[in-house]
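Residue-level listing of the chains:
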Amino acid sequence: DAGVIQSPRHEVTEMGQEVTLRCKPISGHDYLFWYRQTMMRGLELLIYFNNNVPIDDSGMPEDRFSAKMPNASFSTLKIQPSEPRDSAVYFCASSLMGREKLFFGSGTQLSVL
Amino acid sequence: SQQGEEDPQALSIQEGENATMNCSYKTSINNLQWYRQNSGRGLVHLILIRSNEREKHSGRLRVTLDTSKKSSSLLITASRAADTASYFCATVPLQGAQKLVFGQGTRLTINP
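Residues numbered from 1 in each chain as written. Chains lettered and ligands numbered in written order. Predicted model: local features only at pLDDT ≥ 70, side-chain atom pairs only at ≥ 80, totals over all residues. Heavy atoms only, no water.

Give me the lowdown on the overall build of chain B, citing residues and values where you can.
A count of helices and strands for chain B gives 0 helices and 11 strands. Beginning at the N terminus, the succession of helices and strands in chain B can be written as β-β-β-β-β-β-β-β-β-β-β. Taking 112 residues into account, the globule formula puts the C-alpha radius of gyration at 13 Å, and chain B, at 13 Å, falls close to it. With the C-alpha coordinates of chain B rotated into their principal frame, the extents come out at 45 × 30 × 20 Å. (Helix = DSSP H or I, 4+ residues; strand = E, 2+ residues; numbered from the N terminus. Rg over C-alpha atoms; globule rule 2.2 N^0.38 Å.)

Encoded structure:
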């Protein structure tokens, strides 16, 4: 099993640009989570899906953030337009048991200049 | 707000010693989980303890849960250099928003 796969591993962009982060969950997992990690705020849950349906997006900071899960094997997190304060590590995680035993990807280090 | 808060924020010990990290939380929980994060990597699930359990073991890990004090501890016995990482507790509330909420973590350094 390849685990949760995220791309890109690093992203450097300029303020105002659109950023798209990608995630492939573990095959068979029916929950997918997007987290953001910063030194100041720690790990924050942005949104999670169950069976490709968004269940709770209350952690999405602003309308600039959007997430989709068009099928069971792919999800995207989009930021448009990006701002320097969006700089963080974004993690995707999947699970077979809801909010138990999450499997995390290696993350995307986003830097917005 | 963060549900779990780890203590201490940082811990440095010698290889072979035991390491104890604590986690406190605010509301009643369904379960509590511990994760490890190596530098530059994603989190790895270590162990889950349910609200009706008091202690659980997995290899060199021992987790306790005191629901009356709303606290948990993670003990790593006979520490190794490879245990150097950040350790996070995460809780699933019994009621309200069913989110897994992480604490700020404890940075553990094992000195050879």
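Account for the packing of aromatic side chains, naming residues and giving values.
Residues and elements named next belong to chain A. Scanning the entire structure with this criterion turns up 10 aromatic pairs over all chains. Ring centres 5.8 Å apart and planes at 45° place the aromatic pair Tyr35 and Phe104 in the tilted group. Linking Tyr35 in strand β4 (residues 31–38) with Phe104 in strand β10 (residues 103–104), this pair joins segments that are 69 residues apart in sequence. Its relative accessible area of 1% is what places Tyr35 among the buried residues. (Phe/Tyr/Trp six-rings, centres within 6.5 Å; stacked < 30°, edge-to-face > 60°. Buried < 20%, exposed > 50% of the residue type's maximum accessible area, 1.4 Å probe, protein only.)

How would you summarise the interface of chain A and chain B if you had to cite specific residues and measurements?
The interface is formed by 20 residues belonging to chain A together with 20 residues belonging to chain B. Interface area, chain A with chain B, both sides summed: about 1600 Å², of which 47% is carbon and sulfur. Summed over the three residues of chain A that lose the most area to chain B, namely Leu43, Arg99 and Glu100 of chain A, the buried surface amounts to 34% of that side. For the pair chain A and chain B, the interface holds 1 salt bridge. Put simply, Glu100 of chain A and Arg50 of chain B hold a salt bridge, and the shortest N to O gap is 2.7 Å. At the surface where chain A touches chain B, the tally comes to 8 residue pairs in polar contact (both at pLDDT 80 or more). Looking at the side of chain A that touches chain B, the elements with two or more residues in it are β4 and β5 (42–50) of chain A. (Contact = heavy atoms within 4.5 Å. Buried area = accessible area lost by both parts, 1.4 Å probe. Salt bridge = Lys/Arg side-chain N within 4 Å of Asp/Glu carboxyl O. Polar contact = N/O pair within 3.5 Å; in protein donor to acceptor, adjacent residues only side chain to side chain.)

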